[in-house]
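# Residue-level structural notes
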There are 4 protein chains.
Amino acid sequence: MMLNSSDFEIVQLGPRRFPSPIAKAGVPSQSEKLFVSDQHRVAYEVEWQSGQQPAHPLSFEKAGPRKDLYFDPATTKAAIVTCGGLCPGLNNVIRSLVLELHHHYGVRNILGIRYGYEGMNPEQGVAPRPLGPDDVRTIHHAGGSVLGLGRGKQDLGVMLDFLKQHQVDILFTIGGDGTLRGACALGQAARERGQKLSVVGIPKTIDNDIPFVDKTFGFETAVETARQAIDAAHCEALGARNGVGLVKLMGRDAGYIAAHATLASEDVNFCLIPEVPFELDGDSGLISLLRKRLERRAHALIVVAEGCGIHLVKESSAHDASGNIRYANRDLDIGSHLRDTIVERLKSEGFPITLKYIDPSYMIRSVAANANDSIFCNILARHAVHAAMAGKSELLIGRCHGIFTHIPLLAVATQKKTMSPYDSLWFAVTQTTGQPVFGTTLPDIR
Amino acid sequence: MMLNSSDFEIVQLGPRRFPSPIAKAGVPSQSEKLFVSDQHRVAYEVEWQSGQQPAHPLSFEKAGPRKDLYFDPATTKAAIVTCGGLCPGLNNVIRSLVLELHHHYGVRNILGIRYGYEGMNPEQGVAPRPLGPDDVRTIHHAGGSVLGLGRGKQDLGVMLDFLKQHQVDILFTIGGDGTLRGACALGQAARERGQKLSVVGIPKTIDNDIPFVDKTFGFETAVETARQAIDAAHCEALGARNGVGLVKLMGRDAGYIAAHATLASEDVNFCLIPEVPFELDGDSGLISLLRKRLERRAHALIVVAEGCGIHLVKESSAHDASGNIRYANRDLDIGSHLRDTIVERLKSEGFPITLKYIDPSYMIRSVAANANDSIFCNILARHAVHAAMAGKSELLIGRCHGIFTHIPLLAVATQKKTMSPYDSLWFAVTQTTGQPVFGTTLPDIR
Amino acid sequence: MMLNSSDFEIVQLGPRRFPSPIAKAGVPSQSEKLFVSDQHRVAYEVEWQSGQQPAHPLSFEKAGPRKDLYFDPATTKAAIVTCGGLCPGLNNVIRSLVLELHHHYGVRNILGIRYGYEGMNPEQGVAPRPLGPDDVRTIHHAGGSVLGLGRGKQDLGVMLDFLKQHQVDILFTIGGDGTLRGACALGQAARERGQKLSVVGIPKTIDNDIPFVDKTFGFETAVETARQAIDAAHCEALGARNGVGLVKLMGRDAGYIAAHATLASEDVNFCLIPEVPFELDGDSGLISLLRKRLERRAHALIVVAEGCGIHLVKESSAHDASGNIRYANRDLDIGSHLRDTIVERLKSEGFPITLKYIDPSYMIRSVAANANDSIFCNILARHAVHAAMAGKSELLIGRCHGIFTHIPLLAVATQKKTMSPYDSLWFAVTQTTGQPVFGTTLPDIR
Amino acid sequence: MMLNSSDFEIVQLGPRRFPSPIAKAGVPSQSEKLFVSDQHRVAYEVEWQSGQQPAHPLSFEKAGPRKDLYFDPATTKAAIVTCGGLCPGLNNVIRSLVLELHHHYGVRNILGIRYGYEGMNPEQGVAPRPLGPDDVRTIHHAGGSVLGLGRGKQDLGVMLDFLKQHQVDILFTIGGDGTLRGACALGQAARERGQKLSVVGIPKTIDNDIPFVDKTFGFETAVETARQAIDAAHCEALGARNGVGLVKLMGRDAGYIAAHATLASEDVNFCLIPEVPFELDGDSGLISLLRKRLERRAHALIVVAEGCGIHLVKESSAHDASGNIRYANRDLDIGSHLRDTIVERLKSEGFPITLKYIDPSYMIRSVAANANDSIFCNILARHAVHAAMAGKSELLIGRCHGIFTHIPLLAVATQKKTMSPYDSLWFAVTQTTGQPVFGTTLPDIR
């Protein structure tokens, strides 16, 4: 897909008539240095062969406080909703949204919507809670979300009615790709109805698979905690003769957590991600490579992203002839499948091993944000407030080359960011593990 | 079982003819204050009703350096073996054994036996490795065991031959009840063969279920790490409407880890241990109590020890009519059983919940010892050296009321320490959780 | 000082007329197993030479819920005050006091007094805050004290008037020896005035120097964090040629933190505590021993308790001829004194070193309680509630051989627990560091 | 200073005659996708006003494995030296250098130089140690540097003679700006002498003040640990009436650590950095602002970078009339100065406070790298090996917009990266703290 910068134009709800109160904070003659204009662009592509610099590189609108606002801070009402599964940093985002709205824009009406989009459906019977500085004072020290999260869709009309009834002008939606698609649809529907509503998305995917952004919040904390699980598995592997540690990490479509945790651990021997195919059997299959490793060093460490090897798991289901009802969380689980298969296969070869399997998923999702993620969440949330108060809508706050940006929800709702076996990232993984660069089978060239 | 102090007499291999070199370290006139005599006793029972103090309370021999030694430090050879599963503190014990032997007794021949008792069977082809201060310099900063562990028995004769061939005088065995029974048998067999061998056990059970001792090493670290898993589950529970966190912890026969982690967390609502029966169904069954809790507070937190509810799991197996082959690690697992049953049952009642299940076992076993466990391992190991150099054998190093003691292996090999529903410990758990004191069914009075 | 058990009798405010509501929690026929009688004793001394068991060992009253209460839960009002400096676990104690009072005794009026005894002086203008379960929900996850602490005394009459005016029946005072002396005086003054007031102390000293108790809360957490500081200093020492790490730890009169952190670290070469004298100069002085260590290994690690070497610091002040006014926190600081003296002295000997000095005091005092301390605080607080509701006063809650006890405030207010150079604890320290057992000068025999 | 891309050309020692062995690792037909050509550029500037994209943006050579090598892996000898103070990640860099050289390029001769440049002066008597995979197996789990560090210069000729004598072809120098200037001079001197030597720098400054690079290793870990110190100070501040926490952080010329730790903590009220002037006195001075904050909220939290307020410290020295000799580490220390001055000044105003001062410097520098820094160090080191084996010299490995780059040492040796009060970073800090945007005095416009 070829994209150009005009594909990344941002919806503006209407003219901006209110001066930003942020200006008051600084020395007047200097204060306009603080503001960012809509003409400010950030380049997406930064690499080229000498002399072949692109004439019109893809670029995004830069985020930041605007000099004039669409919403009148004195009367604005904002709402915050968190959707999907836990991710480190949710409370940091909520807290910084509230503090920026309250302290810097003087917004006094902020609602926290409970349990995701469900909280905007009156039939569910969960009332929103008002949020102010006292409510968020210490929440950034804890994981989770003080609002609670929820999965699943709600009717757009029901949600818009709810927002209208509560006189909400701005909705901050924090969630993954499904949530952001919902936010996009909600913003469009509001415009169609003539309901003045700014919908600003803050992308939340622990898998880090949102396109056009450097990283998503919580990802680095997840990698930090994943490394601890890997260290534990390494310890178990070293503690037994022919000990094997196996760790399943998050990553349905993209192997970023597995790859980064492998690079951080520096002790992993095999890192398996959805983007790079591998086989279990055959001379260059995982089991054969693992056995060679064990014969040489008597211990081994494997990391597998949850989304990889789906073909293996399905085959295994097919082979099961008894027609039992199986629980999805067991049999579509590559981790348990690898555990059982590897142990059984090597046992049948007369090469018994001691395999310890760790699935740290919920222990990763629930921790508090580390320092770097806290910083990221803090600034991300404040930029979301700047964008919303300026009357922008149907956008998410991204970060590109370290600079915060505006990206239309429409542009990210249709694709996912994934790794490539030809990336320097994957190359670094293979240099670190010593495993074959292109997996055990040759992937198609993308 | 009534026991008296004479049941706790310690095997002495022979007369002590060598002065302890430890005396040199201190000021001569004071140095004998350092030594402990075999007559020094430590009382086991310390509670009574006023005026009813026991005349002959059960007591143990106090551990500590003896003034005279059985073994000549100049020629003594010691070996160390670690058996069973990982436990925090193994490397601390190994390190302090080596450093005490080397620096304070001047023992220069120390062997590390690889992978448990298996490493004393020449057929297994794993040679022992020599150990000195340089080999153990930094090992206490890591979890696991640098020697590797192994499960399973080996022939006593084969092991004694191995020890004789390597001229080993002292064997430090670090392991759980099976290992200690083996150590006991090994010591007896050596005496029968006239092979001069001191066998000193250091009890290792993460479950803390060794009788007559205050605690076993690694237990407090395990509780520390278990609390993190509980915090994670709490966070997950709070993050969803009718969210339930369920954590399975170690504890096959004894609920100490579950109980202590519950007391440490202070957020748990239901703590299930093997010693206190519970039912799933009925008005006072777990599912009914859980539902009431959720209706009141919308989230709940459950901790279950792995050894409890065996009858439930077996019933469940019995109910399954299809005759499938099942994997032991799935279907005799109370954690998964509770997860599936609770979710299904409440769903069928029209009360859907979001349950997140965490099994942190290997992430707990593999961490490095915390400060308190490090101290404990350090002193425990040094007392093991004192006992062995004095020619004591077939004993383990215990700690009673904070004082290190000698306990015959025979005395501990036949029973396990467990909690009672009438203990102050269990009472504290129920005060903390708010759950019924005596479980949901009345246990027999013990 | 010879003590006997009658010195440890506990003040009882009057007859107990109200049945404990705790009984309701259990199965009626079993519930009295939960209660503890005033005749239940816990022995203090547990060691003796064979055959010389003491006929009347010192013993304490056992803590625990009493069957009948002095205070009527329906009308009782309790207050909590925290005094002195920060200590890990303060919030855990506050939380468990509140939860036990509220959930198990049904006490609905609980006041949190702000900033220590100062908060009971109306002139200071800080009103107490009501405390209920919602106020303490998450406080145990944070260090510090939600009530704030304060130092210094207030007039007994002023405080009693305050308590009378607020109709307070029970005052829980959490603090160190000065605070407990104040609590003792307050209880006596109340009795003299005929004011019905139970004063229950919970000893808080990070130095662990309260007599007759196994340990004080926060101590183990302090050791854990102190070990991290020692690890940092070790790293710095290893990182430079002739690198020396120097860590000053808390311990004004007693070296428990320094000793335990040294045992936990296992990397320290010199541990200096107030109880064991040492000299800087001379052949067996610290500087000479340090130089020998550096010549042999090129790095060294020293831990010093803040209360030791006072004579050195004073001498140094005496040697300073210029008559300058000096700040107490600089020149009565053994850490800075050692840093400056060691560096200067070895430099003048032509043996330059790189010394890194760490004073982690406030980073230790402010952390949240670790798991073991959380458990301890939790149970300690609940026992304080049991004692107070039974109408006991002028006591503190101790723990002896793992069993919670009642100790009169009077008995502990006049002395401190310290280490002895003839203790097994100090011996273990010297075995671990390799330093001379009795310091570099011979202490008087105690 | 205007720079263009030609200022960033990299020294190449000579023609490349040896095929890279890295190619073997991949599938032959795909392997050249792994290699990076010298023509590959990375843009430095990525922001512009719409339509004003720079025609010739400043760009750097991209780092990565080259297809052909200057050095023959079979005979190449490499050396590694670490200089300056501790920084998290040193061992990770050393480890990945060794593993990349050994496993991927087949280099078998690697020397670790002890204690900085001093280790290349034979008169110092510290021999280098050979390094192989076994020597670095576990070092990444610990802070510090296994080679030891050293400060100070050595004669260029002496160092070149040492390297020649040891037949060293490649020198990896890990250190700060002084070290890198030394490395630059060494490379130039080698070229002048006709000694074939590749000098590759890996920038190490915990302050993150190297120009043209996204970040330096150890910085994020430092921020993580600094946040813990801030949390401790916050806890102390909350724990006393009018409690003030004051934390001094690293940052001689640049306030990056203070700024990022402030953003991560989200609890700081005043962040003071060298780049933004402030005054103590006057209506908008720190003391007045602090008092207002305390009157409103009764606690406050201040972070100060060590390099700021130098003018205040000097004035204070001037005010001291007694002519005493003072230790530099006391009186040029802004932390102690602020502590003493603030306490004294508010006391004299009749507004007593309780201030707790934390200087966590060595506890920050000595920790092990966090996951993100571990990843960064890992890849950084491998790129250093790629550059060196290709025969590049007098460069450092940078990272620009997430892509690893080559930067001539000459270009970075003469300047430092600092923050600006007009940066979005500083703006974010002031939004987070609520302090005045441009400090309490107006800085010159840069």
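Residues numbered from 1 in each chain as written. Chains lettered and ligands numbered in written order. Predicted model: local features only at pLDDT ≥ 70, side-chain atom pairs only at ≥ 80, totals over all residues. Heavy atoms only, no water.

### Observations concerning the interface of chain A and chain D
If you look at the interface, chain A gives 67 residues, while chain D gives 67 residues. Between the two partners, chain A and chain D, sit 6 salt bridges. Two residues, D:Arg95 and A:Asp267, come together in a salt bridge whose shortest N-O distance is 3.4 Å. Between chain A and chain D we count 48 residue pairs in polar contact (both at pLDDT 80 or more) in total. Contributing elements (two or more residues each) for the side of chain A that touches chain D: β3 (40-43), β4 (47-49), α2 (90-104), α6 (219-238), α7 (256-265), α13 (371-389) and α15 (424-433) of chain A. For the side of chain A that touches chain D, the per-class residue count stands at 27 nonpolar, 25 polar and 15 charged. (Contact = heavy atoms within 4.5 Å. Salt bridge = Lys/Arg side-chain N within 4 Å of Asp/Glu carboxyl O. Polar contact = N/O pair within 3.5 Å; in protein donor to acceptor, adjacent residues only side chain to side chain. Helix = DSSP H or I, 4+ residues; strand = E, 2+ residues; numbered from the N terminus. Nonpolar A, V, L, I, M, F, W, Y, C, P; charged D, E, K, R; others polar.)

### Structural notes on the relation of the copies chain A and chain D
By a simple turn and slide, chain A fits onto chain D: the slide is 0.0 Å along the axis, the RMSD is 0.0 Å, and the turn is 180°. With respect to symmetry, the two chain copies, as superposed, fit the operation of a two-fold axis. Across chain A, the rotation axis passes nearest the C-alpha of A:His401, at a separation of 2.4 Å. (Least-squares fit on C-alpha atoms with pLDDT ≥ 70 in both.)

### With respect to the pattern of salt bridges
Taken as a whole, this structure holds 104 salt bridges over all chains when the rule is applied. Here D:Lys356 ties to D:Glu236 by a salt bridge, and the two come within 3.3 Å at their closest N and O atoms. One end of the pair, D:Lys356, is in strand β15 (residues 354-358); the other, D:Glu236, is in helix α6 (residues 219-238), with 120 residues separating them in the sequence. Classification of D:Glu236 as buried rests on a relative accessible area of 5%. A single network of salt bridges, built from pairs that share partners, joins A:Arg16, A:Asp38, A:Glu61, A:Arg66 and A:Lys392. (Buried < 20%, exposed > 50% of the residue type's maximum accessible area, 1.4 Å probe, protein only.)

### Describing the relation of the copies chain A and chain B
The two copies are related by a screw operation: chain A maps onto chain B through 180° of rotation and 0.0 Å of translation along the axis, at an RMSD of 0.0 Å. In this assembly the copies share their binding face: 97% of the residues contributing to the interface of chain A also contribute to that of chain B.

### Focus: the sheet that holds strand β11 (residues 198-203) of chain B
Within the open sheet, the 10 strands sit side by side as β9(B)-β8(B)-β7(B)-β10(B)-β11(B)-β17(B)-β18(B)-β5(B)-β3(B)-β4(C). Their pairing is mixed. Unpaired on one side and paired on the other, β9 (129-130) of chain B together with β4 (47-49) of chain C mark the two borders of the sheet. Relative to β11(B), strand β10 (residues 170-175) of chain B runs parallel, the two being bridged by 6 bridges. Among the inter-strand pairings, B:Gly175 is bridged to a residue of β11(B), identified as B:Pro203. (Pairing = 2+ DSSP bridges.)

### Here we look at the environment of D:Cys271
All names here are of chain D. Within the secondary structure, Cys 271 sits in strand β13 (residues 270-272). Classification of Cys 271 as buried rests on a relative accessible area of 1%. For Cys 271, the contacting residues outside a window of four places in its chain are Ala 258, Ala 259, Thr 262, Val 303, Trp 426, Val 429, Thr 433 and Gln 435.

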